[in-house]
Amino acid sequence: MSDTKDKDAKSWHGARMDFSKTMSYGDYLGLDKILNAQHPLSPNHNEMLFIIQHQTSELWLKLMLHELHAVRENLRSDSLEPAFKMLARVARIMDQLVHAWDVLATMTPPEYTAIRPYLGASSGFQSHQYRELEFVLGNKNSALLAVHQSTAAHEVLERELHTPSVYDESVMLLARSGFDIDRDRIERDWTTPTVSNASVKEAWLGVYRDPELHWALYELAEKLVDLETAFRFWRFRHVSTVERIIGFKTGTGGTAGVSYLRKMLDVVLFPELFELRTEL
């Protein structure tokens, strides 16, 4: 009997049991660091939810940035098929973030009020990865660099501010494909947010009016629309969750809270791709 127990302790349905001399699952994923990165400051049970919600969101943001930087490189080199795959993945990641708000929404106003004094001035507004995501997608604002002035992220954001966005690269691809794009659009100040341009809208209309002739550009356009649509859902769930939990209180980072977030719902990342739908 003891021999059988010893044998069972060393194997379970063929699974390897001894990892003293080789890499394990936890080693590969760095789980010791990840699972010990939660340090609640309040005595309230619900703070763990608040921390993990934001930490996992930052991990998803990291993956989105990883994909979007590669998308931009592929657009520059006219390698569209890999870019399509990556854009589709980013949209699905955004779906994950949308549903993550459902979990945070289980936190009630009294539960949040119990932990809020321990948050100090920390706020999601200070997320340098979210700011980089906005910049990569074209929503540039140089004033927001000040939030990160004393951090290591400032250099990254400064560089991203001066780099053409994913949408800028898409517009330059339209020009390389033979569409007549205004020179001041493809040689513009990259530090400013995207604004609608008539020549870009006309080019995209040409793509949509003959998708079989311009199939790759047509697919690119729809992938961008999918991404922005998912991003809009994320923003809406964000403001809805915040309103549910804190009402119209000022945010911990000093913003106006819900009223500020509602203004962000009006931001359009790829304006011509939505404008053209009225004319088709």
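Scoring rules and cut-offs
Residues numbered from 1 in each chain as written. Predicted model: local features only at pLDDT ≥ 70, side-chain atom pairs only at ≥ 80, totals over all residues. Heavy atoms only, no water. Helix = DSSP H or I, 4+ residues; strand = E, 2+ residues; numbered from the N terminus. Buried < 20%, exposed > 50% of the residue type's maximum accessible area, 1.4 Å probe, protein only. Contact = heavy atoms within 4.5 Å. Lys, Arg positive; Asp, Glu negative; His and termini not counted. Charge placed at Lys NZ, Arg CZ, Asp CG, Glu CD. Polar contact = N/O pair within 3.5 Å; in protein donor to acceptor, adjacent residues only side chain to side chain. Core = buried A, V, L, I, M, F, W, Y, C linked by side-chain atoms within 4.5 Å. Patch = residues over 30% accessible without salt bridge, like charges linked within 9 Å, V, L, I, M, F, W, Y side chains within 5 Å. Areas by Shrake-Rupley, 256 points an atom, 1.4 Å probe, with all protein chains shown as cover. Salt bridge = Lys/Arg side-chain N within 4 Å of Asp/Glu carboxyl O.

Our next topic: the overall build of the chain. The secondary structure content of the chain amounts to 14 helices and 0 strands. In the chain, the order of α-helices and β-strands from amino to carboxyl end is α-α-α-α-α-α-α-α-α-α-α-α-α-α. Judged by the C-alpha coordinates and their principal axes, the chain covers about 80 × 50 × 35 Å. Residues counted as buried form 42% of the 280 residues belonging to the chain. Within the chain, counting contacts between residues at least 6 apart in sequence, those at least 24 apart form 70% of the total. Mean positive and mean negative side-chain charge positions of the chain (31 and 39 charges, respectively) differ by 5 Å.

With that out of the way, let us pick up the environment of Q149. Looking at where Q149 falls in the secondary structure, it is placed in the loop between α7 (128-137) and α8 (153-161). A polar contact of 3.4 Å, which involves the side chain of Q149, links it to the side chain of H154.

Tracing the chain through its elements places Y218 in helix α12 (residues 215-246). Taking the relative accessible area as the measure of exposure, Y218 reaches 23% and is therefore partly exposed. Along the chain, Y218 and L80 lie 138 residues apart, while their C-alpha atoms are 11 Å from each other. Each residue touching Y218, except ones within four places of it in the same chain, is listed here: V207, Y208 and P211.

Turning our attention to unusual backbone geometry. If you check the backbone angles, D78 has positive phi at about 60 degrees while not being a glycine. Mapped onto the fold, D78 is located in the loop between α4 (47-76) and α5 (80-104). Residue class for D78 comes out partly exposed when judged on its relative accessible area of 44%.

Time to look at the nonpolar core. Residues L68, L133, L174, W204 and L273 are the most contacted members of the largest nonpolar core, which totals 60 residues. Where this core is concerned, the elements lending two or more residues are α4, α5, α6 (109-115), α7, α9 (166-176), α11 (198-209), α12 and α13 (258-264). If you tally residues by element for this core, the top one is α12, at 13 residues. With near-sequence residues (within four places) excluded, W204 lies in contact with Y167, S170, L174, L217, L220, A221, E272, L273 and L276.

Turning our eyes to something else, we now look at a nonpolar patch on the surface. A surface patch of nonpolar side chains, amounting to about 520 Å² of accessible area, comprises M23, Y25, Y28 and L29. Within the element layout of this structure, Y28 appears in helix α2 (residues 25-29).

The tally for this structure, following the rule as stated, stands at 17 salt bridges. Residues R89 and E67 are paired through a salt bridge, measuring 3.0 Å at the closest nitrogen-oxygen approach. Taken together, the positions of R89 in helix α5 and E67 in helix α4 put the pair 22 residues apart, joining distant regions of the chain. For R89, a relative accessible area of 37% gives the class partly exposed. Linking E73 and R76 is a salt bridge whose minimum nitrogen-to-oxygen distance equals 2.5 Å. Note that E73 and R76 are positioned in helix α4 at a spacing of 3 residues, about one turn of the helix. The class for E73 is partly exposed, based on a relative accessible area of 45%.

In short, shape yes, function no, at least from these values alone.
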